[in-house]
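The residues making up each chain are set out below.
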Amino acid sequence: MTTSIISIQDVSKIYANGTIGLSHINLDIAAGEFVVIVGLSGAGKSTLLRTINRMHSISSGDILINGQSIRHYQGQKLRVLRRNIGMIFQNFNLVEHSTVQRNVLSGRIGYYSTWRSILNFFSKADKQKAVQALQRVNLAEKLYTRADQLSGGQQQRVAIARALMQNPQIILADEPIASLDPLTTTAVMNDLKRLNQELGITVLVNLHSVPIAQKFADRIVGLRAGKLVYDKPIEQVQADDFQQIYESTPASSEVRA
Ligand SMILES: Nc1ncnc2c1ncn2[C@@H]1O[C@H](COP(=O)(O)OP(=O)(O)O)[C@@H](O)[C@H]1O
Ligand SMILES: [Mg+2]
């Protein structure tokens, strides 16, 4: 499909120790979709997201971004790919003793030469952009606060603002709410949804929670033991669909067989 922003084509990932992370995954994602990936722990959700920005290489198949195979990208092409894809992690990955401003500005590093980023030499335009990114997640008043003085939900929203500094076409969020309480969970998911709707950023989120997936997704994809076992637009999702993804027969033995 030429219209897909992400095209995952018969992708398998076998780790060095022989564990099957992904098995023959086919998945096409259109620009502007908000896709939630659900599955048990160990199903392959993180592996899948990490193959998309080449944090992990794949063992077979191919991944196209904007119609281009990224499988063998190196050097400048890999840098541009990673700049185009914002990553959000469960544990936020902020520099805790730095200010919110510095953390957000660091999202810009992919646009700077090495010496400028080493010297932390950010332009006035980028400092303004950092304020705008923080406004988008309602945290502009925290510009000069140290990251470790924020709540978990606020830290995750700083991480989202940092990702925005990349001007990403795609945001990949790996269990972004797993460490948060229900109230901040909603704030973080609302932020991701707003960026998807207002800026047209394509969003892929790994989640454990089916109710939250149903509340925010345009489409739900289910993984089980490295295989894609479910893929439906939200209008077609039924309440009892998720048994096949979450039923408790051991999946890991199938994986390692
Ligand atoms: N670096 C690694 N080396 C070997 N096996 C791994 C590695 N990372 C993940 N796995 C295995 O790959 C499978 C999928 O893991 P993962 O993608 O982390 O699942 P999920 O994110 O859905 O919990 C699991 O069996 C896991 O143990
Ligand atoms: Mg994971």
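An account of the accompanying structure is given in this report.

Analysis parameters
Residues numbered from 1 in each chain as written. Chains lettered and ligands numbered in written order. Predicted model: local features only at pLDDT ≥ 70, side-chain atom pairs only at ≥ 80, totals over all residues. Heavy atoms only, no water. Helix = DSSP H or I, 4+ residues; strand = E, 2+ residues; numbered from the N terminus. Expected span 1.5 Å × (residues − 1). Buried < 20%, exposed > 50% of the residue type's maximum accessible area, 1.4 Å probe, protein only. Arc of directions from axis to C-beta. Contact = heavy atoms within 4.5 Å. Near = heavy atom within 4 Å. Polar contact = N/O pair within 3.5 Å; in protein donor to acceptor, adjacent residues only side chain to side chain. Areas by Shrake-Rupley, 256 points an atom, 1.4 Å probe, with all protein chains shown as cover. Pairing = 2+ DSSP bridges. Axes fitted to C-alpha atoms, helices over the stretch in contact; angles between N-to-C directions.

Across its 13 residues, helix H5 (residues 124-136) extends 19 Å between first and last C-alpha, which sits within 8% of the 18 Å expected from 1.5 Å per residue. Taken as a whole, H5 has its buried residues at Asp126, Ala130, Ala133 and Leu134. Each buried residue of H5 sits inside an arc of 95° when the element is viewed along its axis, so together they form one side. On its buried side, H5 packs onto helix H3 (100-105) and helix H6 (152-164). At the exit of H5 stands Asn138, carrying a positive phi of roughly 55°.

Before going further, it helps to spend a moment on the site of ligand 1. Close to ligand 1 lie 13 residues; Gly42, Gly44, Lys45, Ser46 and Thr47 are nearest. Take Tyr15: an N or O atom from its side chain is 3.4 Å from a nitrogen atom of ligand 1. One of the backbone N or O atoms of Gly44 is found 3.0 Å from an oxygen atom in ligand 1. Considering ligand 1 on its own, with 560 Å² of exposed area, one finds that the protein chains cover 68% of that surface. For the shell around ligand 1, the leading source of residues is helix H1 (residues 45-52), giving 3 residues.

Moving on to the sheet that holds strand E2 (residues 20-30). Strand order in the open sheet made by the 4 strands is E2-E1-E4-E5, with antiparallel pairing throughout. Unpaired on one side and paired on the other, E2 and strand E5 (68-69) mark the two borders of the sheet. Pairing analysis gives 2 bridges linking strand E4 (residues 60-65) to E5, with the strands arranged antiparallel. Bridged to Leu64 within E5 is Ser69. Sheet strands touched by H1: strand E1 (4-14), E2 and E4. Its angle to E2, the strand with the most contacts, is close to 60°.

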